[in-house]
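Read off the chains here:
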Amino acid sequence: MLDFFTIFSKGGIVLWCFQGTGVTESFTGPVNALIRSVILQERSGNNSYSHDALSLKYKLDNEFELVFVVGFQKILTLTYVDKFIDDVQLHFRDRYKNELEQKGALALLNSHFAFEDDFKMLLREAEESSKARGPTSMRSFNASLKSQKTVKSMIETKGGDKGKEQGGKKNKNAKKEGKGEKAKAPTSAQKTEENGNQGLTQEEIIQKKREEFIRKRMGAPVEKPSKSPKPVKEKPKGKEKRVWTLGGSSTKELDYSQSNGNGAHAAGDQGLDRGRGGGRRCCREGGMFGMLKGLVGSKSLSQEDMEPVLDKMRDHLIAKNVAAEIASQLCDSVAKKLEGKVMGTFTTVASTVKGALQDSLVQILQPKRRVDILRDVLEARSQRRPFVITFCGVNGVGKSTNLAKISFWLIENGFTVLIAACDTFRAGAVEQLRTHQRRLNSLHPPQDHGGRPIVQLYEKGYGKDAAGIAMEAIAYARNQAFDVVLVDTAGRMQDNTPLMTALAKLIAVNMPDLVLFVGEALVGNEAVDQLVKFNQALADHSMSDKPRLIDGIVLTKFDTIDDKVGAAISMTYITGQPIVFVGTGQTYNDLRSLNARAVVGALMKA
């Protein structure tokens, strides 16, 4: 049923692994994908991951820095996997606790973990328990109630109807009798209670009355019926005297008026010193040791300990413009990362959670792959072809302006640029690019570059096919030996299906080297919706098995948001792609690379 099960440390040392019978493919590919995409990217809030035809479940052991991973086919529905992986984790920890407590990779490499028999036993128990909890089989006809009914029992007869009326139905006389008995019962009970004869039978009541009659005749006093005693009202307690800790057990110890000589006085001092010593010891145990116990790292973190701090962190992130869904996933990931981990010396839960969240945010903003455009352009030049960058995004985020900034940055680094005007929809789009071309050429005159304009514009007017214009521009750049082609596309909303189809066609036909999504830093929850739908449209309308998706992000208007930099976290988290450039103003020089630690510092600032 299971394809594989592996236990490895967070340092990458495989402690033990199991491969199912009949499984020939290696499980290193799915496990490496899990490490790259989930564990290293701080996305461990959900304990499941899909890779091709496999479904992977994993569990983190933060105390011993271990990862438990199980893999099985997607088409299988294994209900016992979650409990099984928990049982394996606990069993493995308990059995090899001494080996795991040894620090260092060398100690783990020298240890031998013979876990095969225990694993098979736990797997057998898990499979049997899942079968026991499985759906019950359908009853046979002989076991059902219908089989007990015969033809004779289904025939109605007159006698049977009478019997049914007599036995099954209640007739009116029976109802009346029942009502009469119910009505009589409370009256007799009330009488017995009134005469003080509660709990006595009728004969005992008659006998008691006879005895009373005889007493009256003989002149003896008649016993009054016993009444229930009235509850005694408790007097409210007055204020209790305060007993001072350093004052001794009584006031006599403090009375020195009867002292004669040094003996009694010394006894009083001795008693006072005893009281002081006991008080100091009590204060020391309750105060100092209690404080040290709360600070020194001897407690492992639980979900209940972290919940109040994580709630505050979640609200703080949302206030800083992080999408609500992303903030919840980040806090869940931090909780999984810290659960069971022993706190450090002189640290609190709040500082531990905050430090882990900061590390997670820095890890998210630092890309899993580095986008080095200058290096890639040089490599494309060595292959005698242009390096193609396509810009896409919603309306009004600043695609054309930031395209001009990137053109200026490339020119400053000694490359020639061809701008392809593929926004054939918006009025004035071509004229805007032509203005940028003229200004950039004025900053770098052609006579400084052998009489050749360092920036050129390739345009075919409005209303034309954008994919065809991009293809012609790339061919022109190859013939004219341009280093970089920057493709400007029309702004489109993520819900506009025809324009999203046209964008997917442009990317699928021309296969650019880099697809950059241009988004503004002002958005919150909308950033998630934009990026998800742009990626989904590119995947749905692509004709290849591995469609081209967004490769990087250009974040614009970053100078307008102060410390509410949450959009950077939302965009990077949802795509897993880096922020290549940050726009910080209106001039060509206002283009920066993202400093992850500075962004996280602004994000965590109160």
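Residues numbered from 1 in each chain as written. Predicted model: local features only at pLDDT ≥ 70, side-chain atom pairs only at ≥ 80, totals over all residues. Heavy atoms only, no water.

### Notes on the overall build of the protein chain
So, point 1. Helix and strand counts for the protein chain stand at 21 helices and 13 strands.
So, point 2. Counting over 606 residues, the protein chain shows a buried share of 38%.
So, point 3. When contacts within the protein chain are restricted to residue pairs at least 6 apart in sequence, long-range pairs at least 24 apart make up 72% of them. (Helix = DSSP H or I, 4+ residues; strand = E, 2+ residues; numbered from the N terminus. Buried < 20%, exposed > 50% of the residue type's maximum accessible area, 1.4 Å probe, protein only. Contact = heavy atoms within 4.5 Å.)

### Considering helix α13 (residues 349-365)
So, point 1. End to end, α13 covers 25 Å across 17 residues, agreeing with the expected 24 Å (1.5 Å per residue, within 8%).
So, point 2. Buried residues belonging to α13 abut α11 (303-319), α12 (324-338), α20 (566-575) and α21 (596-604). (Expected span 1.5 Å × (residues − 1).)

### Focus: the pairing of strand β12 (residues 579-583)
So, point 1. With 5 of 5 residues buried, β12 is to be regarded as a mostly interior element.
So, point 2. Where strand β11 (residues 552-556) and β12 come together, 3 bridges link them in parallel fashion. Bridge pairing in β12 places L555 opposite V582.
So, point 3. This β-α-β element, β11 to α20 to β12, shows right-handed connectivity.
So, point 4. Direction of pairing for β12 relative to strand β13 (residues 591-592): antiparallel, over a ladder of 2 bridges. Looking across to β13, one finds that V582 is bridged to R592. (Pairing = 2+ DSSP bridges. Right-handed = clockwise from strand over helix to strand, strands pointing away.)

### Looking at a negative patch on the surface
So, point 1. Among the surface-exposed residues, E304, E307, D332 and E339 lie close enough to one another that they form a single negatively charged patch.
So, point 2. Note that D332 resides in helix α12.
So, point 3. Classification of D332 as partly exposed rests on a relative accessible area of 38%. (Patch = residues over 30% accessible without salt bridge, like charges linked within 9 Å, V, L, I, M, F, W, Y side chains within 5 Å. Areas by Shrake-Rupley, 256 points an atom, 1.4 Å probe, with all protein chains shown as cover. Salt bridge = Lys/Arg side-chain N within 4 Å of Asp/Glu carboxyl O. Lys, Arg positive; Asp, Glu negative; His and termini not counted. Charge placed at Lys NZ, Arg CZ, Asp CG, Glu CD.)

### Describing the sheet that holds strand β4 (residues 54-61)
So, point 1. Within the open sheet, the 5 strands sit side by side as β2-β1-β5-β4-β3. Their pairing is antiparallel. At either margin of the open sheet sits one strand with a lone partner, and together these are β2 (14-19) and β3 (48-51). Along the sheet, successive strands turn relative to each other by an average axial angle of 20°, direction set aside.
So, point 2. For strand β1 (residues 4-9) and β2, the ladder comprises 5 bridges, and the chain directions are antiparallel. If you follow I7 over to β2, its bridge partner there is W16. (Axes fitted to C-alpha atoms, helices over the stretch in contact; angles between N-to-C directions.)

### Some details on the UniProt feature "domain: SRP54-type proteins GTP-binding" (unreviewed entry) in the protein chain
So, point 1. In this numbering, the UniProt entry assigns the feature "domain: SRP54-type proteins GTP-binding" (unreviewed entry) to residues 578-591.
So, point 2. With 0% helix and 43% strand, the stretch residues 578-591 has end C-alpha atoms that lie 16 Å from each other. (UniProt positions renumbered as here; feature names shortened; annotations may be inferred.)

### A word on the packing of aromatic side chains
So, point 1. Tallied over the full model, the rule gives 19 aromatic pairs.
So, point 2. Summarising the aromatic geometry, the rings of F4 and F27 are spaced 4.9 Å apart at their centres and angled 15° between planes, so their arrangement reads as stacked. With F4 in strand β1 and F27 in the loop between β2 and α1 (28-39), this pair connects stretches of sequence that are 23 residues apart. Take F4 and F27: they sit in the same class, and that class is buried.
So, point 3. Ring geometry for W16 and F119: centres 5.0 Å apart, planes at 55°, overall tilted. (Phe/Tyr/Trp six-rings, centres within 6.5 Å; stacked < 30°, edge-to-face > 60°.)

### As for the environment of C422
So, point 1. In this structure, C422 sits in the loop between β7 (417-421) and α16 (429-443).
So, point 2. The class for C422 is buried, based on a relative accessible area of 3%.
So, point 3. Linking C422 and T489, residues 67 residues apart in sequence, is a C-alpha distance of 5.1 Å.
So, point 4. When near neighbours in sequence (up to four residues on either side) are disregarded, C422 contacts A466, I469, A470, V487, D488, T489, A490 and L506.

### Notes on the pattern of salt bridges
So, point 1. Enumeration according to the criterion identifies 20 salt bridges in this entry.
So, point 2. Among the salt bridges present, the one from K505 reaches D465, with a minimum N-O distance of 3.5 Å. Here D465 lies in the loop between β8 (455-458) and α17 (466-479) and K505 lies in helix α18 (residues 497-510), a separation of 40 residues in the sequence.
So, point 3. In this structure, the salt-bridge partner of D529 is K533, at a minimum N-O distance of 3.5 Å. Taken together, the positions of D529 and K533, both in helix α19 (residues 525-540) and 4 residues apart, correspond to about one turn of that helix.
So, point 4. Salt bridges linked by common partners bring D61, E63 and R93 together as one network.

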